Amino acid sequence: MAQFQWQDSFNTGITVVDTQHRKLVGMINLLDRTAVTRAPEGTLKDVLVSLVAYTREHFADEERYMEQIGYAHLEQHRALHRGFTNKIVAVLIDLKEEKNFDPQELRTFLTSWFIRHILTEDKKLAALAARPELNTDAS
Ligand SMILES: [Fe+2]
């Protein structure tokens, strides 16, 4: 499976967000490598635990930023974040209960969610940084 490559189009222009997004892309790739090399389950679990911890940290920072600018769609955005972390936590529970889990399916979920989320939701934040007058319920 090819590495998940960072694209210039992912940049939001909000430095802290972009730096954290890059790190998340690296962590998704690490997860992928770990699964492909059939690392022991404990290792896979450690990688997932780190991913969920860093994801939470990133989402908290992003949500703090949205609070600071009084983002009109904060709650919807927060719910999307919750959906993402819940998925990783569900996989961790499956691993713990020794249920089958498909690393390929997880990887596809993480990468497609991440790309879609950045390109649609996080980009709205970038647009608001440039044009705060767009920050209304109607947008
Ligand atoms: Fe986000």
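Please refer to the structure higher up on the page.
These figures come from a predicted structure and were not determined experimentally. (Residues numbered from 1 in each chain as written. Predicted model: local features only at pLDDT ≥ 70, side-chain atom pairs only at ≥ 80, totals over all residues.)

Thoughts on the nonpolar core
- Grouped together as the largest cluster of nonpolar side chains are 12 residues: V25, M27, I28, L31, A35, L44, L48, L51, I88, V91, L106 and L110.
- At the level of secondary structure, the elements contributing two or more residues to this core comprise helix 1 (15-36), helix 2 (41-68), helix 3 (74-96) and helix 4 (103-130).
- Top contributing element to this core by residue count: helix 1, with 5 residues.
- Those residues within four positions of L44 in sequence are excluded, and the remaining contacts are T34, A35, A39 and L95. (Core = buried A, V, L, I, M, F, W, Y, C linked by C-beta atoms within 7 Å. Buried ≥ 20, exposed ≤ 12 C-beta atoms within 10 Å, placed from the backbone. Helix = DSSP H or I, 4+ residues; strand = E, 2+ residues; numbered from the N terminus. Contact = placed C-beta atoms within 7 Å.)

Observations concerning helix 4
- For helix 4, spanning 28 residues, the distance from its first C-alpha to its last is 39 Å, which sits close to the expected 40 Å at 1.5 Å a residue.
- The largest bend in helix 4 comes to about 40°, at I118.
- Those residues of helix 4 that sit buried are L106, L110, I118, L125 and L128.
- Along its buried surface, helix 4 packs onto helix 1, helix 2 and helix 3. (Expected span 1.5 Å × (residues − 1). Bend = angle between axes of the 7 residues up to and from the residue.)

Observations regarding the packing of helix 3 against helix 4
- Closest axis-to-axis distance for the helix 3/helix 4 pair is 11 Å, and the angle between their directions is 170°. Between helix 3 and helix 4, the interaxial angle falls into the category roughly antiparallel. Residues H77, L80, F84, K87 and V91 of helix 3 pack against L106, F109, W113, H117 and E121 of helix 4.
- Residues belonging to the contact of helix 3 with helix 4 are distributed by class as follows: 6 nonpolar, 2 polar and 2 charged. (Axes fitted to C-alpha atoms, helices over the stretch in contact; angles between N-to-C directions. Parallel < 35°, antiparallel > 145°, perpendicular 65-115°, else oblique. Nonpolar A, V, L, I, M, F, W, Y, C, P; charged D, E, K, R; others polar.)

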